[in-house]
Amino acid sequence: MTDDLDKTPADARPSADVSKEPGGSPVPPEAIKAIPVRHWGRYVSAVVVLALVGLLINAFATAEKIQWHAVGDKLFDSTVLAGACRTMLISVLAMALGVALGIVLAVMRLSKNPVTSWVAWVYIWFFRGTPVYVQLLLWFNLALIFPVLNLGPIYKDEMTDVMTPFMCALLGLGLNEAAYMAEICRAGLLAVDDGQTEAAHALGMSHGRTLRRIVIPQAMRVIVPPTGNEFINMLKTSSLVYAVTYNELLRATSTIGSTSYAVMEMLFVASLWYLVMTSVFSVFQYYLERRYARGSTRSLPPTPWQKVKANLLDPSGKRSVR
């Protein structure tokens, strides 16, 4: 015994009850009102954070022993500006030395020659395993081991005359940075697919030309971001050359502070200049990363100016660039 099947066509069946207007046209459904969920914890945490920040600002602003006018008076002092320029100079030169030597060490690490690979590994192991401050002091006191720098007929001089504060700072920061840049460059080179190298060799390219034309340009996308971070870190690490009497920003401000009894104020001046320098180079790093990302992303991230322009043209924020 089977149940009777409803053989009425689907289009002939009565539709569900639909409200109709007096004219017979159906009434559109009522729009759904989405009520956002309120996150009360966010509001509470924001109030707590703002209160703590306000208390911190108030503590600094009302400190009786801080002469805030001295910060403005010494911010553009000639001695401070000269120290900031020396900080920039030693940071750029040390970073250039670190990048150049780091690339060589990375290639040595990846070499099939066990001697060059081992030498590069020992170099990286030593300079990453000892503090920068200790390395600076080693260079500064190198005359205790080598009193005279004798390069035969090329050059000969007292080591104390060769190892000036500038040279100690350059070698101490640059050679230490090379160890870190070697690992960054090695990671970038390994990130390039082996098929790129095989294809270049199949076209008759030598190993060196393959590195210069094929591998390194593609590895830059991986190398640039951490290199930018390393340079910003170099700007701050350069304050350690105070130990070898190089007159950079921190030493210049400390000298003024010790003579004017405005030690804390001059530390604020040094901090402001460090913030300015790191902020400027952070912008350069952003545009450099954006340039090398052209071949890996479909659409490049908007620049800060593009974000501001989009928000100005559309104040409602509906088409704001993120």
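Starting from 1, residues in each chain are numbered consecutively following that chain's sequence as written. Local features in this predicted model are restricted to residues whose pLDDT is 70 or higher, and side-chain atom pairs enter the listing and the counts only when it is 80 or higher, whereas totals over whole chains, interfaces and linings include all residues. Side-chain numbers here rest on the full set of heavy atoms in the structure, without hydrogens or water.

**Student:** Account for the packing of helix H3 (residues 78-109) against helix H9 (residues 207-237), naming residues and giving values.
**Tutor:** Axis angles are defined between N-to-C directions and span 0 to 180 degrees, where every axis is a line fitted to C-alpha atoms and, for a helix, only to the segment in contact. In this text, helices come from DSSP runs of H or I with a minimum length of four residues, and strands from runs of E with a minimum of two, each type numbered from the N-terminal end. Put simply, H3 and H9 touch, their axes get as near as 11 Å, and they point 140° apart. The pairing of H3 with H9 is recorded here as oblique in orientation. Note on packing geometry: the crossing formed by H3 with H9 is right-handed. Facing H3, whose interface residues are Thr87, Met88, Ser91, Val92, Ala94, Met95, Val99 and Val107, H9 presents Leu211, Thr227, Glu230, Phe231, Met234 and Leu235. When an angle is under 35 degrees it counts as roughly parallel; over 145 it counts as roughly antiparallel; between 65 and 115 it counts as roughly perpendicular; any other value is oblique. With the far helix as reference, a near helix turned anticlockwise by less than a right angle produces a left-handed crossing, and one turned clockwise produces a right-handed crossing. Between two residues, a contact is recorded if the distance between any of their heavy atoms is within 4.5 Å.

**Student:** Go over the nonpolar core with me, naming the residues and quoting the values.
**Tutor:** Throughout this description, the term nonpolar core refers to a set of buried Ala, Val, Leu, Ile, Met, Phe, Trp, Tyr and Cys residues connected via side-chain atoms within 4.5 Å. Only protein chains enter the accessibility calculation, which uses a 1.4 Å probe; a residue whose area is less than 20% of its type maximum is buried, one above 50% is exposed, and one in between is partly exposed. One finds Val80, Tyr123, Leu173, Val241, Leu249 and Val269 to be the most contacted residues of the largest nonpolar core, which totals 53 residues. Broken down by secondary-structure element, the contributors of at least two residues to this core are H3, helix H4 (114-129), helix H5 (132-140), helix H6 (159-162), helix H7 (165-191), H9, helix H10 (249-260) and helix H11 (263-292). Sorting elements by how many residues they give to this core places H7 first, with 13 residues. The residues contacting tyrosine 123, other than those within four sequence positions of it, are Leu101, Leu105, Leu175, Ala178 and Ala179.

**Student:** Outline the side chain of threonine 87, listing residues and values.
**Tutor:** Mapped onto the elements, threonine 87 comes out in helix H3. You can call threonine 87 buried: its relative accessible area is 0%. Not counting residues up to four positions away in its chain, the partners in contact with threonine 87 are Leu235, Ser238, Glu248, Leu249, Tyr274 and Met277.

**Student:** Residue-level account of the packing of aromatic side chains, with values.
**Tutor:** The aromatic pairing rule takes the rings of Phe, Tyr and Trp, using the six-membered ring of Trp, and pairs them if the centres are within 6.5 Å, calling planes under 30 degrees apart stacked, those over 60 edge-to-face and the rest tilted. All told, the structure shown has 11 aromatic pairs when counted by the stated rule. Residues phenylalanine 76 and tryptophan 273 carry aromatic rings whose centres are separated by 5.9 Å and whose planes lie at 85° to one another, so their mutual orientation is edge-to-face. Of the two residues, phenylalanine 76 is situated in the loop between helix H2 (68-74) and H3 and tryptophan 273 in helix H11; the sequence distance between them amounts to 197 residues.

**Student:** For the pattern of salt bridges, give the residues involved together with the corresponding values.
**Tutor:** By salt bridge we mean one thing: a side-chain nitrogen of Lys or Arg within 4 Å of a carboxyl oxygen of Asp or Glu. A full pass over the atoms with the stated rule returns 2 salt bridges. Note that arginine 109 and glutamate 183 form a salt bridge whose closest N and O atoms lie 3.2 Å from each other. With arginine 109 in helix H3 and glutamate 183 in helix H7, this pair connects stretches of sequence that are 74 residues apart. Looking at glutamate 183, the relative accessible area reads 18%, which means it is buried. Here glutamate 183 and arginine 186 are joined by a salt bridge, their closest N and O atoms 2.9 Å apart.

**Student:** I'd like a rundown of the packing of H7 against H9, residues and numbers included.
**Tutor:** In contact at an axis separation of 8 Å, H7 and H9 are set at 150° when each is read in the N-to-C sense. By the angle class used here, H7 and H9 are roughly antiparallel. Of the two possible hands of crossing, H7 and H9 adopt the one that is right-handed. From H7, Leu173, Glu177, Tyr180, Met181, Ile184, Cys185, Gly188, Leu189 and Ala191 reach across to H9, where they touch Val215, Ile216, Ala219, Val222, Ile223, Pro226, Thr227, Glu230, Met234 and Thr237. Gly is placed with the polar residues, together with every amino acid not listed as nonpolar (Ala, Val, Leu, Ile, Met, Phe, Trp, Tyr, Cys and Pro) or charged (Asp, Glu, Lys and Arg). Looking at the contact of H7 with H9, its residues break down into 14 nonpolar, 3 polar and 2 charged.

**Student:** So, unusual backbone geometry: which residues are in play, and what are the values?
**Tutor:** The phi torsion at threonine 245 lies on the positive side, around 60°, for a residue other than glycine. For threonine 245, the position within the fold is in the loop between H9 and H10. Given a relative accessible area of 37%, threonine 245 falls into the partly exposed group. A positive phi is found at tyrosine 261, a non-glycine position, where the angle reads about 60°. Of note, tyrosine 261 is situated in the loop between H10 and H11. Judged by relative accessible area, tyrosine 261 falls into the exposed class, the value being 75%.

**Student:** Any details on the side chain of threonine 237? Residues and values, ideally.
**Tutor:** Examined against the element boundaries, threonine 237 turns out to sit in helix H9. On the accessibility criterion, threonine 237 (18% relative accessible area) is buried. Ignoring any residue separated from it by four or fewer positions in sequence, one finds threonine 237 in contact with Val132 and Leu173.

**Student:** Before we move on, can you summarise H3 with the specific residues and values?
**Tutor:** Each α-helix turn comprises 3.6 residues. Residues three or four places apart therefore point the same way. The end-to-end C-alpha distance of H3, which contains 32 residues, comes to 45 Å, matching closely the 46 Å that a straight helix rising 1.5 Å per residue would cover. A distance of 2.9 Å separates the backbone nitrogen of threonine 79 from a side-chain oxygen at the start of H3, and that oxygen is part of aspartate 77. Every helix has an expected span of 1.5 Å times one less than the residues it contains. A 3.5 Å cut-off defines polar contacts: any pair of N or O atoms within that distance qualifies, except that in protein one atom must be a possible hydrogen donor and the other a possible acceptor, and neighbouring residues in sequence count only when both atoms are side-chain atoms.

**Student:** I'd like a description of the confidence of the model for the chain, backed by residues and values.
**Tutor:** Atom-level detail of predicted coordinates should not be read off regions where pLDDT is low. For the chain, mean pLDDT is 82; residues scoring 70 or higher make up 83% of the total. Taken element by element, the chain is modelled with least confidence in helix H12 (residues 304-313), mean pLDDT 67, and with most confidence in H4, mean pLDDT 93. Residue range residues 316-322 is modelled with pLDDT below 50. Its contacts to residues more than four positions away, or to other chains, number 11 contacts. Looking at any residue, its pLDDT shows the predictor's confidence there, from 0 to 100.

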